[in-house]
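# Coordinates in review
Chain by chain, the residues:
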Amino acid sequence: MSAVMAMDRLDAARVASVLARVVENRPRVQCLTNTVAQNITANMLLAFGAIPSMAIHVDEVAAMAEGAGAILINIGTINAESELAIPKLLEVARERGKPLVFDPVFVELSPLRQHIAREVLRLPNLVVRGNATEMTALAFDLASAEGVTRVTTGKVDRIESGAASFSVAHGHPLMTKVTGVGCAAGALIAACCAVEKDPAIAAAAALTAYGIAGEIAAERSRGPGSFAVELVDALAGIDEATLAQRMAG
Amino acid sequence: MSAVMAMDRLDAARVASVLARVVENRPRVQCLTNTVAQNITANMLLAFGAIPSMAIHVDEVAAMAEGAGAILINIGTINAESELAIPKLLEVARERGKPLVFDPVFVELSPLRQHIAREVLRLPNLVVRGNATEMTALAFDLASAEGVTRVTTGKVDRIESGAASFSVAHGHPLMTKVTGVGCAAGALIAACCAVEKDPAIAAAAALTAYGIAGEIAAERSRGPGSFAVELVDALAGIDEATLAQRMAG
Amino acid sequence: MSAVMAMDRLDAARVASVLARVVENRPRVQCLTNTVAQNITANMLLAFGAIPSMAIHVDEVAAMAEGAGAILINIGTINAESELAIPKLLEVARERGKPLVFDPVFVELSPLRQHIAREVLRLPNLVVRGNATEMTALAFDLASAEGVTRVTTGKVDRIESGAASFSVAHGHPLMTKVTGVGCAAGALIAACCAVEKDPAIAAAAALTAYGIAGEIAAERSRGPGSFAVELVDALAGIDEATLAQRMAG
């Protein structure tokens, strides 16, 4: 982990290939996510060509997750019931080898969230997406997590797994002014993990497409309200030509 | 049920009459609905001229429902608490003869949802709205449900009760690319049921207006983000002239 | 309380000063709010320059609130768990002297909400924001609440504390056609309370800026859908010149 790794960038064809597989396979992403971000998360997944499903009830989350292509766990509004649902989802991920993306929202503010995060981080081959503050708060546990892919989003997104390392320098500051944009990124990464075996490539593809959609949306909007609308339209309209043009810049 | 029934279509004046009664009476629709769709459901009800109210607490759902014009139950994010609230709402509907619309979201994916659906389907005179997959999963129970109105939404919506049968061929594919658009349809049907005694006519009126709003919105948008915004504006702006023009097409 | 008090109006410089302090200090507002309004509440706080955080779990709400600049409690979708979280938030507010804004949504419809409201109203120095129906339903309890600031929003907003009284005649009827606009007002007041000691001035500043944003948004929109988008953009773009121009009108 302390070794210096070369930062790679995907090319447009490779990103487009991952996105095309999402559109073709329409993976269902089972999201246990916060109630603030549920709506934008579902809409971003639909714009991406994936199928959102959300469940929280302890008696059904496993059944809902079993047929899904990937699982998202986001603790932004964790409650007593979703806390009990998390072990059920971890079990499905473990037994079925299903990709799982974990988003430790505001983990630095709450001992409860730190406790839950530690439990989740015992799952091998997890993808963890957080901002720098959240990833730093979990640094100790991330260092010992088996096969983890660390996705630190920010002005430049950094993706680090044991095998690969990517840097994504797309996006726009307005993405931090709309609630749930970061949370939805976790869902898009999950959708890509459902169709691409290498989680680092999946994450890099998702964040490249999302960041470029953010750049396009920013050019078409005059504030965070219109930006949120344009971001969905731009993500739905992403194609390889757009990716190639923006990634060459 | 196996008899062939002629498919009727409402005319614009009849649809407009139902919508005008919603605007005039401003019925409150008590929604026990999923947290993904709560926001768009409330906004569509407001655009329609109705009043949304949402509650989940077992100790208050009955009180909140008693003065409402209609009740919506949608199990998209059913949890332990809302599961307990459902019998309370069924009791109010039964005792007060209040219209109740049931939306069995993803019932095909979860045994828990199938169990809940079966309980709800014991209520006489229910309106059930689902997509073809959901309605097929419930076919056996729907066949024996007393006085049920079956609303199967899709490219062409089909509405079937013991007494009448309607077909609504309005709408746009973008309606399936925005989360909660289908769930909000259930709420609009409930609002119409509060002012129109025949639930099949109420459902047909709601879906005709909503589908036409979808057509107008699609013409004004360039993706699912702008479509969602335009759909609210179009629904709020529907009048008899617009209905007549679109229904003649 | 029965004494006639002169209704004051803030001038643009004073409103701008409060807004500038929000932007400078970026207060985090801990929101226990209803799931219908969580998204718009978070987006309005971000547009205002504040930081939203939301939590409900009994085991973490106190920790999440302790570092926050202000607290919002809104009972629009109160459930068994958030009911238990409220006393924890009241305790943090009391012990740390943290500003707390209470929004008694639909208190007139539910005995449970009346019971909860009475408990909350025991906290000294509370800001209560409601519409006329809600404030009337609580009139008896408000009359005896120690140090309370009463904010009654409507066509003209009225703000009354023991020390001061303001009237805000900004806004637009479309603000009542978008769900959560009123709930988000409570969060903006909380953000201003985090940076301005006088809660009446804080509330008047928040509602003046919000109402003016509503006027600007209405001029740019053609229905409640586009209005909701424009409202966020307009709030994010408010500056002293705009305030001065609109407040002179």
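What counts and what doesn't
- Residues numbered from 1 in each chain as written.
- Chains lettered and ligands numbered in written order.
- Predicted model: local features only at pLDDT ≥ 70, side-chain atom pairs only at ≥ 80, totals over all residues.
- Heavy atoms only, no water.
- UniProt positions renumbered as here; feature names shortened; annotations may be inferred.
- Helix = DSSP H or I, 4+ residues; strand = E, 2+ residues; numbered from the N terminus.
- Rg over C-alpha atoms; globule rule 2.2 N^0.38 Å.
- Buried < 20%, exposed > 50% of the residue type's maximum accessible area, 1.4 Å probe, protein only.
- Contact = heavy atoms within 4.5 Å.
- Polar contact = N/O pair within 3.5 Å; in protein donor to acceptor, adjacent residues only side chain to side chain.
- Least-squares fit on C-alpha atoms with pLDDT ≥ 70 in both.
- Salt bridge = Lys/Arg side-chain N within 4 Å of Asp/Glu carboxyl O.
- Nonpolar A, V, L, I, M, F, W, Y, C, P; charged D, E, K, R; others polar.
- Pairing = 2+ DSSP bridges.
- Axes fitted to C-alpha atoms, helices over the stretch in contact; angles between N-to-C directions.
- Right-handed = clockwise from strand over helix to strand, strands pointing away.
- Expected span 1.5 Å × (residues − 1).

- Per an unreviewed UniProt entry, the recorded name for chain A is Hydroxyethylthiazole kinase, and the organism is Bosea rubneri.
- Per UniProt, chain A carries the Catalytic activity (unreviewed entry) text "5-(2-hydroxyethyl)-4-methylthiazole + ATP = 4-methyl-5-(2-phosphooxyethyl)-thiazole + ADP + H(+)".
- If you open the UniProt record of chain A and go to Cofactor (unreviewed entry), you find "Mg(2+)".

## Re the overall build of chain A
- Along the backbone of chain A there are eleven helices and eight strands.
- For chain A, the C-alpha radius of gyration of 17 Å lies close to 18 Å, the compact-globule estimate for 249 residues.
- Viewed in the frame of its principal axes, chain A has a C-alpha envelope of about 45 × 40 × 35 Å.
- Buried residues in chain A amount to 64% of all 249 residues.

## Considerations on the side chain of B:E215
- Tracing the sequence through the fold places B:E215 in helix α9 (residues 199-220).
- The residues touching B:E215, leaving out its near neighbours within four places in the chain, are B:A169, B:H170, B:G171 and B:R246.

## Remarks on the UniProt feature "binding site: substrate" (unreviewed entry) in chain A
- The sites that carry the UniProt feature "binding site: substrate" (unreviewed entry) are, in the present numbering, A:M54 and A:G180.
- Tracing the backbone shows A:M54 in strand β2 (residues 51-54).
- Look past the residues within four positions of A:M54 in its chain and what remains in contact with it is A:Q30, A:C31, A:T33, A:Q38, A:T41, A:A42, A:M64, B:V36, B:G76, B:T77 and B:R113.
- With respect to the helices and strands, A:G180 occurs in the loop between β8 (165-168) and α8 (181-193).
- Residue A:G180 is classed as buried on the basis of its relative accessible area, which comes to 10%.
- Contact partners of A:G180, with chain neighbours within four places excluded, come to A:A37 and A:I40.

## Focus: the UniProt feature "binding site: ATP" (unreviewed entry) in chain A
All names here are of chain A.
- The feature "binding site: ATP" (unreviewed entry), as given by UniProt, occupies R129 and T153 in the numbering adopted here. Spanning 25 residues, the named residues form one tight spatial group whose C-alpha atoms are at most 7.1 Å apart.
- Mapping R129 onto the fold places it in strand β5 (residues 127-131).
- Excluding residues within four positions of it along the chain, R129 makes contact with F102, D103, P104, M135, V151, T153, G182, C183, A185, G186 and I189.
- There is a polar contact of 3.0 Å between the side chain of R129 and the side chain of D103.
- Take T153: it is sitting in strand β6 (residues 149-153).
- Overall, the relative accessible area of 17% leaves T153 in the buried class.
- Apart from residues lying up to four places away in sequence, T153 is in contact with R129, G130, N131, A132 and L207.
- One polar contact links T153 to R129, side chain to side chain, over a distance of 2.6 Å.

## Some words on the relation of the copies chain B and chain A
- Expressed as a screw transformation, the operator carrying chain B onto chain A has a rotation angle of 120° and an axial translation of 0.0 Å, and the superposed copies differ by an RMSD of 0.0 Å. What the superposition gives is, in effect, a three-fold axis relating one chain to the other. Identified as the residue of chain B closest to the rotation axis by C-alpha distance is B:T35, at 3.7 Å.
- Here only 12% of the contact residues of chain B are again contact residues in chain A; the copies associate through non-equivalent surfaces.

## Quick word on the interface of chain B and chain A
- If you look at the interface, chain B gives 25 residues, while chain A gives 28 residues.
- For the pair chain B and chain A, the number of links is two salt bridges.
- The residue B:R113 makes a salt bridge to A:E60 at a minimum N-O spacing of 2.7 Å.
- Linking chain B to chain A there are twelve residue pairs in polar contact (both at pLDDT 80 or more).
- Put simply, the parts of the chain that give the side of chain B that touches chain A at least two residues each are α4 (80-96), α5 (111-120) and α10 (224-236) of chain B.
- No other element matches α10(B), which puts four residues into the side of chain B that touches chain A.
- The class makeup of the residues in the side of chain B that touches chain A is ten nonpolar, ten polar and five charged.

## Quick look at the sheet that holds strand β3 (residues 70-74) of chain C
Residue and element names in this part refer to chain C.
- Here eight strands make up an open sheet; going across it, the order is β2-β1-β3-β4-β5-β6-β7-β8 and the pairing mixed. What marks the edges here is a single partner per strand, and that holds for β2 (51-54) and β8 (165-168). In this sheet, adjacent strand axes meet at a mean angle of 20° when their direction is disregarded.
- Bridge count for strand β1 (residues 28-32) against β3 is four bridges, and the pairing is parallel. In the strand pairing of β3, Q30 is matched with I71.
- On the sheet, helix α9 (residues 199-220) packs against β5 (127-131), β6 (149-153), β7 (157-160) and β8 and is oriented at approximately 5° with respect to β8.

## Here we look at the relation of the copies chain C and chain A
- When chain C is brought onto chain A, the operation consists of a screw motion whose angular component is 120° and whose axial shift is 0.0 Å, with 0.0 Å RMSD remaining.
- An asymmetric contact is evident, with only 11% of the interface residues of chain C recurring at the interface of chain A.

## Quick word on the environment of B:S144
Residues and elements named next belong to chain B.
- Examined against the element boundaries, S144 turns out to sit in helix α7 (residues 139-144).
- A relative accessible area of 61% means that S144 is categorised as exposed.
- A sequence separation of 58 residues divides S144 from A202, and the C-alpha atoms of the two residues are 22 Å apart.

## Quick notes on the pairing of strand β3 (residues 70-74) of chain A
Residues and elements named next belong to chain A.
- Most of β3 sits inside the fold, with five of its five residues counted as buried.
- Neither face of β3 is left uncovered, since the one carrying A70, L72 and N74 and the one carrying I71 and I73 both have all their residues buried.
- Taken together, the four bridges between β3 and strand β4 (residues 100-103) define a ladder with parallel strand orientation. The residue of β4 that forms the bridge with I71 is L100.
- Traced from β3 through helix α4 (residues 80-96) to β4, the parallel crossover comes out right-handed.

## Focus on helix α8 (residues 181-193) of chain C
Residues and elements named next belong to chain C.
- Between the first and last C-alpha of α8 there are 19 Å, a value that for 13 residues agrees with the 18 Å anticipated at 1.5 Å per step.
- A large share of α8 lies buried, amounting to twelve of its 13 residues.
- Taken together, the buried positions of α8 are V181, C183, A184, A185, G186, A187, L188, I189, A190, A191, C192 and C193.

## Side note on unusual backbone geometry
- Positive phi values are uncommon outside glycine, yet A:F106 reaches one of about 50°.
- You can see A:F106 is positioned in the loop between β4 and α5 (111-120).
- A residue is classified by how much of its surface remains accessible, and A:F106, at 19% relative accessible area, is buried.
- You will see that B:N125, though not glycine, has its phi angle at about 65°, which is positive.
- Look at B:N125 and you get exposed, because its relative accessible area is 53%.

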